[in-house]
Amino acid sequence: MKPVSMMAELMVAENIAFYVIAAVMVFAAVRVVTTKNIVHAALYLVLVLAGVAGQYILLAAEFVAVTQVLVYIGAIVVLFLFGIMLTRAPTGDLDDSNREQRVVGATIAALLLGVMGYTLWKAYRDGHFGVMQVQTTSNVATSIFSSYLIPFEVISVVLLAALIGAIVIARRD
Amino acid sequence: MLLNQFLFLAAILFCVGVYGVLARRNGVMVLMSVELILNAVNINLVAFGAYHSSLDQGLDVSGQVFALFVIAIAAAEVGVGLALILLLYRNSRSIDVDDIDLMKG
């Protein structure tokens, strides 16, 4: 098999994977914001987040994909489930949006999508990916600990502050 | 692959998140919609990073590093946000964001 045709087949496979994952993600995202059962919304959110991790792998960003699974699916969704449990939200049907709010929200979201879609289509119509460079974890680590060392330290302080702040806010006294 | 595929996917996710923030009143649902928005931004960052390093034939992981920072900030945001919602529930027995009008003029 010639390398060119192999590349072409690989690109077809990438495209199929992209569209399958993207379809699942869009469906799950719509269900997150429309479902009446709040626990189901959290579980659909897992589907969206896993799809995002899949897209990162298609973009050859392995470390971000693993971090996505660990932090989002492993921690943030669990935090959401605890939040649902502790606020004793109705686990059955939840009617928390009236018709007017839905219409206004849908109108604004559709307008936003129209503007963004038009702009993206105009600006990046012929933006083809070249040969995808695999960005290994060591590249990311080198970048974080050289160019982005100070932002990295600041992020640690922000996380510590958020941790202490969350404890102080939620504490019973 | 086209760069636009990823950008359009991110735009759709972003708009779905905006709809969720505007239309839902449950505080936890609003936070979940904010997560959708942050993930849309992350897809954009990683896609642009991969696009540039695939064109220049050089490794540039800045997009990924930015995405990691956004993930860290999102974790902090959810922690504080859920603590606030918990406090709200304890004080008013409701997490409907339309009920928070104590400072309304």
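Residues numbered from 1 in each chain as written. Chains lettered and ligands numbered in written order. Predicted model: local features only at pLDDT ≥ 70, side-chain atom pairs only at ≥ 80, totals over all residues.

Moving on to the overall build of chain A. Scanning chain A for helices and strands turns up six helices and zero strands. Along chain A, helices and strands appear, N-terminal first, in the series α-α-α-α-α-α. Buried residues in chain A amount to 26% of all 173 residues. Considering only contacts in chain A between residues 6 or more positions apart, those separated by 24 or more positions represent 59%. (Helix = DSSP H or I, 4+ residues; strand = E, 2+ residues; numbered from the N terminus. Buried ≥ 20, exposed ≤ 12 C-beta atoms within 10 Å, placed from the backbone. Contact = placed C-beta atoms within 7 Å.)

On to the confidence of the model for chain A, then. Per-residue pLDDT for chain A has a mean of 88; in total, 92% of the residues score no lower than 70. Element-level pLDDT for chain A is lowest in helix α1 (residues 3-34) of chain A, with a mean of 86, against a maximum mean of 94 in helix α6 (residues 149-170) of chain A. (pLDDT = per-residue confidence, 0-100.)

So, on to unusual backbone geometry. A positive phi angle, close to 65°, is found at A:Ala60, a residue other than glycine. Positionally, A:Ala60 belongs in the loop between α2 (38-58) and α3 (62-86). Accessibility expressed as a C-beta count within 10 Å gives 19 for A:Ala60, which makes it partly exposed. Despite not being glycine, B:Arg93 has its phi angle at roughly 60°, a positive value. Residue B:Arg93 is classed as exposed on the basis of its C-beta count, with 10 C-beta atoms lying within 10 Å.

With that out of the way, let us pick up the nonpolar core. Counting residues in each nonpolar core, the largest one holds 72 residues, and the members touching the most others are A:Val32, A:Val48, B:Leu13, B:Met32, B:Val46 and B:Ala47. Mapped by element, the contributors of at least two residues to this core are α1, α2 and α3 of chain A together with α1 (3-23), α2 (27-56) and α3 (62-92) of chain B. The residues touching B:Val46, leaving out its near neighbours within four places in the chain, are A:Tyr56, A:Leu59, A:Ala61, A:Val64, B:Gly63, B:Gln64 and B:Ala67. (Core = buried A, V, L, I, M, F, W, Y, C linked by C-beta atoms within 7 Å.)

Turning to the interface of chain A and chain B, a few remarks are in order. Opposite the 78 residues of chain A that make contact, chain B presents 63 residues. Mapped by element, the contributors of at least two residues to the side of chain A that touches chain B are α1, α2, α3, α4 (99-123), α5 (137-144) and α6 of chain A. For the side of chain A that touches chain B, the leading source of residues is α4(A), giving 13 residues. Considering only residue class, the side of chain A that touches chain B consists of 56 nonpolar, 18 polar and four charged. (Nonpolar A, V, L, I, M, F, W, Y, C, P; charged D, E, K, R; others polar.)

The next thing to look at is the domain arrangement of chain A. Split by domain assignment, chain A resolves into domain 1 (14-109) and domain 2 (136-173). Its C-alpha centre places domain 1 of chain A at a distance of 24 Å from the equivalent point of domain 2 of chain A. (Domains from an automatic or database assignment.)

This next bit is on the environment of A:Leu43. Residue position: A:Leu43 is located in helix α2. Along the primary structure A:Leu43 and A:Arg31 are separated by 12 residues, whereas in three dimensions their C-alpha atoms are 9.9 Å apart.

Okay, the packing of α6(A) against α3(B) next. If you want to describe how two helices pack, look at the angle between their axes and the distance between the axes. The contact between α6(A) and α3(B) brings their axes to 9 Å, and the two run at 10°. With respect to α3(B), the axis of α6(A) lies roughly parallel. Where α6(A) approaches α3(B), its residues A:Pro151, A:Ile155, A:Val158, A:Leu159, A:Ala162, A:Leu163, A:Gly165, A:Ala166, A:Ile169 and A:Ala170 are matched on the opposing element by B:Phe69, B:Ala72, B:Ile73, B:Ala76, B:Gly79, B:Val80, B:Ala83, B:Leu84, B:Leu86 and B:Leu87. (Axes fitted to C-alpha atoms, helices over the stretch in contact; angles between N-to-C directions. Parallel < 35°, antiparallel > 145°, perpendicular 65-115°, else oblique.)

Another aspect to go through is α3(A). The terminal C-alpha atoms of α3(A) lie 35 Å apart, and with 25 residues this matches the ideal 36 Å at 1.5 Å per residue to within 8%. Residues of α3(A) that are buried: A:Phe63, A:Val64, A:Ala65, A:Thr67, A:Gln68, A:Tyr72, A:Ile76, A:Phe80, A:Gly83 and A:Ile84. Those residues of α3(A) that are buried are in contact with α2 and α5 of chain A together with α2 and α3 of chain B. Positive phi shows up at A:Arg88, right after α3(A), with a value of about 45°. (Expected span 1.5 Å × (residues − 1).)

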